[in-house]
Amino acid sequence: MYPRAMRSVGGGGGLARRHFILYPRTAPRAGQGRAGAPRRKGILMANVVVVGSQWGDEGKGKIVDWLSEQADIVVRFQGGHNAGHTLVINGATYKLSLLPSGVVRPGKLSVIGNGVVLDPHALIEEIDRLSAQGIQVTPEDLRIAENATIILSLHRELDTIRESAGAKTRIGTTRRGIGPAYEDKVGRRAIRLMDLSDHETLDLKIERLLSHHNALRRGLGIAEVSAKSVREELSNVAPRVLPYMDSVWSLLDRKRREGKRILFEGAQGALLDVDHGTYPYVTSSNTVAAQAATGSGLGPGAIGYVLGICKAYTTRVGEGPFPTEQDNHIGRLIGERGREFGTVTGRPRRCGWFDAVLVRQSTRTCGVDGLALTKLDILDGFVEINICIGYRLDGQEIDYLPAGEHAQARVEPIYETVAGWQEQTVGARSWAKLPAQAIKYVRRIEELTGCPVALLSTSPEREDTILMRNPFEA
Ligand code: GDP
Ligand code: IMO
Ligand code: MG
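Residues numbered from 1 in each chain as written. Chains lettered and ligands numbered in written order. Predicted model: local features only at pLDDT ≥ 70, side-chain atom pairs only at ≥ 80, totals over all residues.

**Here's the deal with the sheet that holds strand β7 (residues 109–112)**
Paired through backbone hydrogen bonds, the strands of a sheet run either parallel or antiparallel to each other. Read from one edge of the open sheet, ten strands run β11-β9-β7-β4-β12-β3-β13-β17-β21-β22, paired in mixed fashion. A strand with exactly one partner marks an edge of an open sheet, and here the two such strands are β11 (245–246) and β22 (465–467). The pairing of strand β13 (residues 305–311) with strand β17 (residues 370–374) spans five bridges and is parallel. In the strand pairing of β17, G308 is matched with L371. Against the sheet, helix α10 (residues 356–366) contacts β3 (48–52) and β13, and its axis sits at roughly 160 degrees relative to β13. Contacts between helix α12 (residues 436–449) and the sheet are confined to β17 and β21 (453–457), with β21 contributing the most and set at about 140 degrees to the helix. (Pairing = 2+ DSSP bridges. Helix = DSSP H or I, 4+ residues; strand = E, 2+ residues; numbered from the N terminus. Contact = placed C-beta atoms within 7 Å. Axes fitted to C-alpha atoms, helices over the stretch in contact; angles between N-to-C directions.)

Structure representation (structure tokens):
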């Protein structure tokens, strides 16, 4: 698969074994029996975790929406409204940032887990926007973890100030206050959703938060924030947000025992993970699949099948290394055809060739069982397509992305050139409709990443999806 000279990280292309646990046929009462995946009609069923395997915007929203037909519950477990997920259903477009992508299907329970950072203003806006599109979100179908961290205006402001400070320190964040809110969470001074209902301790919590932030603000030479203004900000939003509050770990535990199927919806991508990504050009949460458990209050056994979403090429928004970037007419062509503009910020996304080294690495850090390959249609008409199969670093060939920032910026891609296809794949709904060269391209991606393609997406529309292996029944 790789030239002999390349060092192989983590062995060859062997697939990770899937883990299934059997649910008892009759659901035990809470506190009794074992937890695990449901068994229906004699078929083993797993929960499914959807994660991005590149730098985000792989098409997770579309795939989660498509899969949610088979799920009972859709759970967000990390990130916040830095995410931008676009769904296209019968010509209507829905843009979601904070709400799980299952929210557009009637009868599904949507859950925002403790691992998410919640901007209450953004939540209210999104609920109102959806309502104007004819989708009502009520406490019946949306539950939010009482221990989720709140994003305040001061977090947004700090994010923007840092991002405006200079090109040398800029990460290219979405300026939504995500990083500063996670900092407060691990700094043990965050305001959490439940605090909005606990008037006795809220003042003390605000004081603790402001003793940190006002010291920072004095250093930055900006006006201090008063406790009164934070209290007002919170009391303005509390009546709209508190009705959704719940003990999510317990709710999900109960639902699992009832045999309900859970779909976990990741935001961002593995290469934006705060530990495993292109640090420091990352987001401030763990985006890898294991976070689905921590970020929702379930044990690791709840995870089941991990579906890694990847585009047939690569994009990235914001600063940071991008070995296969095409800062030229090819990148611009991919960007125009793929409409690669940020859903959240409208920024043009940087575009480049498919990087098998990166996706292979993500499949390992996430424990991916199968890939959903999206936007194959954007490559229609290319005479030749490049795939990155390794890197050259200081004269040596390597088959992994080194951890250091400086080394990441220096790696040079080694390409394999494959023939493109002139026929259209856009809108294809069956494998038989795909041109032979497109099938070869998909097979090559499977070989290089060591991971089977379970789903293929050929347009933004929900139904333009080819199923090879159902993740819920795999
Ligand atoms: P996410 O953040 O991973 O949910 O992805 P985004 O929604 O930010 O970006 C993916 C974009 O590609 C959206 O505009 C989708 O409507 C669109 N999209 C998803 N799958 C396909 C596909 O197979 N083909 C095309 N042409 N567009 C797609
Ligand atoms: P979805 O869920 C693409 C990027 C930002 C920036 C870095 C840090 O739509 O795939 P942050 O605001 O999180 O502190 O920014 O992460 N980023 C994303 N890029 N898709 C996303 O989400 C992203 N969320 C954050 O551009 O480089
Ligand atoms: Mg997106």
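**A short note on the site of ligand 2**
Close contacts around ligand 2 come from 24 residues, with G56, A83, T174, T283 and G318 the closest. Residue composition of the shell around ligand 2, by class: seven nonpolar, 15 polar and two charged. (Near = placed C-beta within 6 Å. Nonpolar A, V, L, I, M, F, W, Y, C, P; charged D, E, K, R; others polar.)

**Topic: unusual backbone geometry**
In this structure, the amide linkage connecting Y279 to the following residue, P280, adopts the cis form with an omega of 5 degrees. Among the secondary structure elements, P280 is positioned in the loop between β12 (262–265) and α8 (291–294). A positive phi angle is found at D57, which is not glycine, with a value near 60 degrees. Checked against the element boundaries, D57 lands in the loop between β3 and α1 (60–67). Notably, R188 is not glycine yet its phi reads approximately 60 degrees, a positive angle. Relative to the assigned elements, R188 resides in the loop between α4 (178–186) and α5 (199–220). Classification of R188 by C-beta neighbours within 10 Å gives exposed; the count is 7. (Buried ≥ 20, exposed ≤ 12 C-beta atoms within 10 Å, placed from the backbone.)

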